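In case you want the letters, here they are:
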Amino acid sequence: MTQTVAPAPSSHSAEPVRPALASRLMARPEIGALVAAIIIFVFFLVLAPSFRSAESFFTVLYQSSVIGIVAVGVGLLMIGGEFDLSAGVIVYTAGLTSSMFCWYYGVNLWVGALLSLAFCLLIGFLNGYLVMRTGIPSFLITLGTFFVLQGANLGVTKLVTGTVSTPDISNIDGFDSLGTIFASSFKVGSVTIWTSVLWWIFFVALAAWTLQRTRVGNWIFAVGGNPDSARAVGVPVVRTKIGLFMVVSFLGWFVGMHQLFRFNTLQAGGGVGNEFLYIIAAVVGGTLLTGGFGNAIGVAIGAFIFGMTSLGIIYAGWDPNWFKAFLGVMLLLAVLVNLYVKRMSTRRKVG
């Protein structure tokens, strides 16, 4: 009589695979933000009827894009282990520099835009250079830059125009062509889509590709995780970090151009406080404050949460003052979730 021997359990059975897959998913930086975004989205769908329309959704996307474009650069910089507290003010520095130069000298706005770009990149370079050459924490260096730019924005604008706002530039040559690039919109049915949303998607995709598929992305993670070890294996730490500061300045310039060509005029005191929104978007999206961990998709989700909440509270008919309280709660929760996710990721690598 032949005895049937039961086959030994395969090492590739489904039982151990599921926990491993769950562990991998939980170790992704953006998972916590994605879950939070879904919960908040459903929450406002239920409580705010006007939130349910397609027009409202694309308004949320627009609001998210204005914060999200600069937040992409801030997120990359934080992954690289640094901060930039001048990121909010530099948006308005960019717009003010361009508009006042062209209005005062009567030159084409393209000249002002390029001059403004060069000036913003110089600020980013100086921020990075001072941080790397002096060893002073970027928090303090960029806090100093914040105050310098804030004061200059107000002082120079009042000196040139006599007020704290720029003149209307819509009649200056170059306005229409630059407006098409930075601040145009188009209709799809009854929905208005601003090009800033498309630019936001582009910058997020470019940043995600850079982080995950290029040598520069490896450098960013390396200098944020352990700059001494990175330097020991040949990573250009100084060049990488200065480049990250310049990326933040470039994206700040880009949003500054959007603000200028959408509204034709700017208030010199604008942008103060937005630097914290960029940092919150990055942290909520899974970026660690200690550097070396995060991704661009998570930062984009963090910016989307900001857009949903800032407008969802209004659509629900609540007092907008609650928005800041919500941001504080989200930041605290995000820090706790990020630490847990980081531990999960470290555990998985060790295992």
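Residues numbered from 1 in each chain as written. Predicted model: local features only at pLDDT ≥ 70, side-chain atom pairs only at ≥ 80, totals over all residues. Heavy atoms only, no water.

Per an unreviewed UniProt entry, the chain goes by Xylose transport system permease protein XylH and derives from Paractinoplanes deccanensis. Quoted verbatim from the Subcellular location (unreviewed entry) field of UniProt, the annotation for the chain is "Cell membrane". Entered under Function (unreviewed entry) in the UniProt record, the comment concerning the chain runs "Part of the binding-protein-dependent transport system for D-xylose. Probably responsible for the translocation of the substrate across the membrane." (UniProt positions renumbered as here; feature names shortened; annotations may be inferred.)

> How should I be thinking about the overall build of the chain in this particular structure?
Counting its secondary structure elements, the chain contains 14 helices and two strands. Out of the 351 residues belonging to the chain, those deemed buried represent 49%. Of the contacts made within the chain by residues no fewer than 6 positions apart, 78% connect residues no fewer than 24 positions apart. Accessible area for the chain stands at about 17,200 Å²; split by element, carbon and sulfur atoms hold 68% of it. (Helix = DSSP H or I, 4+ residues; strand = E, 2+ residues; numbered from the N terminus. Buried < 20%, exposed > 50% of the residue type's maximum accessible area, 1.4 Å probe, protein only. Contact = heavy atoms within 4.5 Å. Areas by Shrake-Rupley, 256 points an atom, 1.4 Å probe, with all protein chains shown as cover.)

> Help me understand the environment of Leu289 in this model?
Among the structural elements, Leu289 can be located in the loop between helix H12 (274-284) and helix H13 (296-315). Separated by 207 residues in sequence, Leu289 and Glu82 place their C-alpha atoms 8.5 Å apart. Beyond its immediate stretch of four places on either side in the chain, Leu289 contacts Met78, Phe83, Val283 and Val335.

> What's the story with the pattern of salt bridges in this structure? I'm lost.
A side chain of one charge can pair with a side chain of the opposite charge when the charged atoms of the two come close. Tallied over the entire structure, the rule returns two salt bridges. A salt bridge links Lys241 to Glu82; the shortest N-O distance between them is 2.7 Å. Of this pair, Lys241 sits in helix H11 (residues 237-263) while Glu82 is found in the loop between helix H3 (54-79) and helix H4 (87-105), placing the two residues 159 residues apart along the sequence. Of the two residues examined, Lys241 and Glu82, each falls in the buried class. With its nearest N and O atoms 3.4 Å apart, the salt bridge here joins Arg231 to Asp228. Linking Arg231 with Asp228, this pair stays in helix H10 (residues 227-232), spanning three residues, or about one helical turn. Taking the relative accessible area as the measure of exposure, Arg231 reaches 43% and is therefore partly exposed. (Salt bridge = Lys/Arg side-chain N within 4 Å of Asp/Glu carboxyl O.)

> Looking at this structure, how should I read the side chain of Thr166?
Relative to the elements of secondary structure, Thr166 occurs in the loop between helix H6 (138-161) and helix H7 (175-182). Accessibility expressed as a relative area gives 4% for Thr166, which makes it buried.

> Looking at this model, I keep getting lost on empty space enclosed by the protein. Mind explaining?
For the structure shown, the criterion picks out two cavities of 30 Å³ or more. In this structure, the largest cavity encloses a volume near 70 Å³. Lining the largest cavity are Leu277, Ile280, Ala281, Val284, Gly302, Ile305, Phe306, Phe326, Leu327 and Met330. Secondary-structure elements contributing two or more residues to the lining of the largest cavity are H12, H13 and helix H14 (322-350). In terms of residue count, the dominant contributor to the lining of the largest cavity is H12 (four residues). As for the second largest cavity, its lining consists of Ser65, Val66, Ile69, Phe182, Ser196, Phe254, Val255 and His258. The set of elements that each furnish at least two residues to the lining of the second largest cavity consists of H3 and H11. Residue composition of the lining of the second largest cavity, grouped by class: five nonpolar, three polar and no charged. (1 Å grid on protein atoms, 1.4 Å probe; cavity = no way out; pocket = protein on both sides within 12 Å on 5 of 7 lines; lining within 4 Å. Points joined across faces, edges and corners; volume = space filled by probe spheres on them. Nonpolar A, V, L, I, M, F, W, Y, C, P; charged D, E, K, R; others polar.)

> How should the confidence of the model for the chain be read in this particular structure?
Segments scoring low in pLDDT should not have their predicted coordinates read at a detailed level. Per-residue confidence for the chain gives a mean pLDDT of 87; residues scoring 70 or more make up 88%. Of the regions scoring below 50 in pLDDT, residues 1-17 engages in two contacts with residues more than four places distant in sequence or in other chains. (pLDDT = per-residue confidence, 0-100.)

> I keep staring at the packing of aromatic side chains and nothing clicks. Help me out?
Overall, the coordinates contain 26 aromatic pairs when judged by the stated rule. Between Trp199 and Phe203, the ring centres sit 5.9 Å apart and the planes meet at 25 degrees, which makes this aromatic pair stacked. Of this pair, Trp199 and Phe203 are both found in helix H8 (residues 195-213), four residues apart, which corresponds to roughly one turn of the helix. Following the ring pairs from residue to residue traces out a cluster consisting of Phe41, Phe43, Phe44, Phe51, Phe57, Phe58, Phe304, Tyr315 and Trp318. (Phe/Tyr/Trp six-rings, centres within 6.5 Å; stacked < 30°, edge-to-face > 60°.)

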